Structure formats: structure tokens, C-alpha cells
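Survey of secondary and tertiary structure
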Amino acid sequence: MATSQIVIATTTSSQSTAIASTKVRVTANAAVQFAVGANPTAALASSEVIGANTTRYINMQGLNNKIAFIAPSGTVGVSVTPIGTVYSSSIPGATYIPS
């Protein structure tokens, strides 16, 4: 079973630890923005948004990358759970939002 980690997002970009999975499930209790990479920095002006109380499935663009979060205000707890290695997940920027 995958182990979740909690990343505390503030008004400064905060990173997860390296994730040995190509896909993650992310849930935030308030809106945050994110970036993925070897040493990512999330930015309010340019990063993709995850809405409050929303679950997103995010492509990690390869193994052992990190995900960074930034909150527009306050402090936000973000749950990051590895969900496995998927063959086609090396496509940059691919996200899956279940309907």
C-alpha cells in the first residue's frame, strides 16, 4: 500500500520528498497551485490550480520527481499519495480528472 505524505503549502513554494511513482493522487483542503519536476517551484502567476476539497490525479513526469505547492494565502494541508507507475505517464503535463 502506498504511503501518503502531507505537504504544507504556504505563500512560499513547498516541495514533497522524491516520489517513486509516475502518478499521484492529490487532495487539498483549500485551493493551491502546483508544479512537478526534479526541483520544482510552484508560482501563483503560472502554476496549475487544484481547487479546494478536490482530488486530482497528476502525472509526475517520471520516477523520483517531486511536486511543489503554493497557496494564495494562509496554510493548506495537501495530501500526496503515489498510485503507481503508468507506462504512458511520461507525457509532460498530463493530468486526469475523473468525472
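To be clear, the structure that these remarks concern was listed above.
Structure report, in brief.

Criteria and thresholds
- Residues numbered from 1 in each chain as written.
- Predicted model: local features only at pLDDT ≥ 70, side-chain atom pairs only at ≥ 80, totals over all residues.
- Heavy atoms only, no water.
- Helix = DSSP H or I, 4+ residues; strand = E, 2+ residues; numbered from the N terminus.
- Buried < 20%, exposed > 50% of the residue type's maximum accessible area, 1.4 Å probe, protein only.
- Contact = heavy atoms within 4.5 Å.
- Areas by Shrake-Rupley, 256 points an atom, 1.4 Å probe, with all protein chains shown as cover.
- Core = buried A, V, L, I, M, F, W, Y, C linked by side-chain atoms within 4.5 Å.
- Pairing = 2+ DSSP bridges.
- Salt bridge = Lys/Arg side-chain N within 4 Å of Asp/Glu carboxyl O.

**What about the overall build of the protein chain?**
Of the regular secondary structure elements, the protein chain holds zero helices and nine strands. When its helices and strands are written in sequence order, the protein chain yields β-β-β-β-β-β-β-β-β. For the protein chain, with 99 residues in total, the buried portion stands at 38%. Restricting the contact set of the protein chain to residue pairs at least 6 apart, pairs at least 24 apart contribute 80%. Element-wise, carbon and sulfur atoms account for 55% of the exposed surface of the protein chain, whose accessible area totals about 5,200 Å².

**What to know about the nonpolar core**
Across soluble globular proteins, you tend to see nonpolar side chains buried next to one another. In terms of nonpolar packing, the biggest core is built from 18 residues, with Val26, Val32, Ile58, Ile67, Phe69, Val78 and Val80 touching the most fellow members. Listing elements by their share of this core, those giving two or more residues are β1 (5-9), β3 (23-28), β4 (32-37), β7 (66-70) and β8 (76-84). Once residues within four sequence positions are removed from consideration, valine 26 is found in contact with Ile50, Thr54, Thr55, Arg56, Ile58, Ile67, Phe69, Val78, Ser79 and Val80.

**Digging into the pairing of β4**
A large share of β4 lies buried, amounting to six of its six residues. The sheet contact formed by β4 and strand β5 (residues 48-50) spans three bridges and is antiparallel. Looking at β5, one finds that glutamine 33 is bridged to valine 49. Examined bridge by bridge, β4 and β7 share five bridges and lie antiparallel to one another. Residue pairing for β7: valine 36 is matched across the bridge by isoleucine 67.

**Digging into the pattern of salt bridges**
Inspection of the entire model under this criterion finds one salt bridge. With a shortest N-O distance of 2.6 Å, glutamate 48 and arginine 56 are connected by a salt bridge. Judged by its relative accessible area of 36%, glutamate 48 is partly exposed.

**Some points on the sheet that holds β5**
One open sheet holds the four strands; their spatial order is β2-β7-β4-β5, and the pairing between them is antiparallel. Across the chains shown, the open sheet's two edge strands, defined by having one partner strand only, are β2 (14-15) and β5.

**Overview of the environment of alanine 68**
Looking at the element boundaries, alanine 68 is found in strand β7. In sequence terms alanine 68 and alanine 9 are 59 residues apart; their C-alpha atoms lie 8.3 Å from each other. Contact partners of alanine 68, with chain neighbours within four places excluded, come to Ser13, Ser14, Gln15, Gln33, Phe34, Ala35, Pro40, Thr41 and Ala42.

**Some words on the environment of serine 73**
Relative to the helices and strands, serine 73 resides in the loop between β7 and β8. Residue serine 73 is classed as exposed on the basis of its relative accessible area of 52%. Taking the C-alpha atoms as reference points, serine 73 and threonine 10, separated by 63 residues in sequence, lie 6.7 Å from one another.

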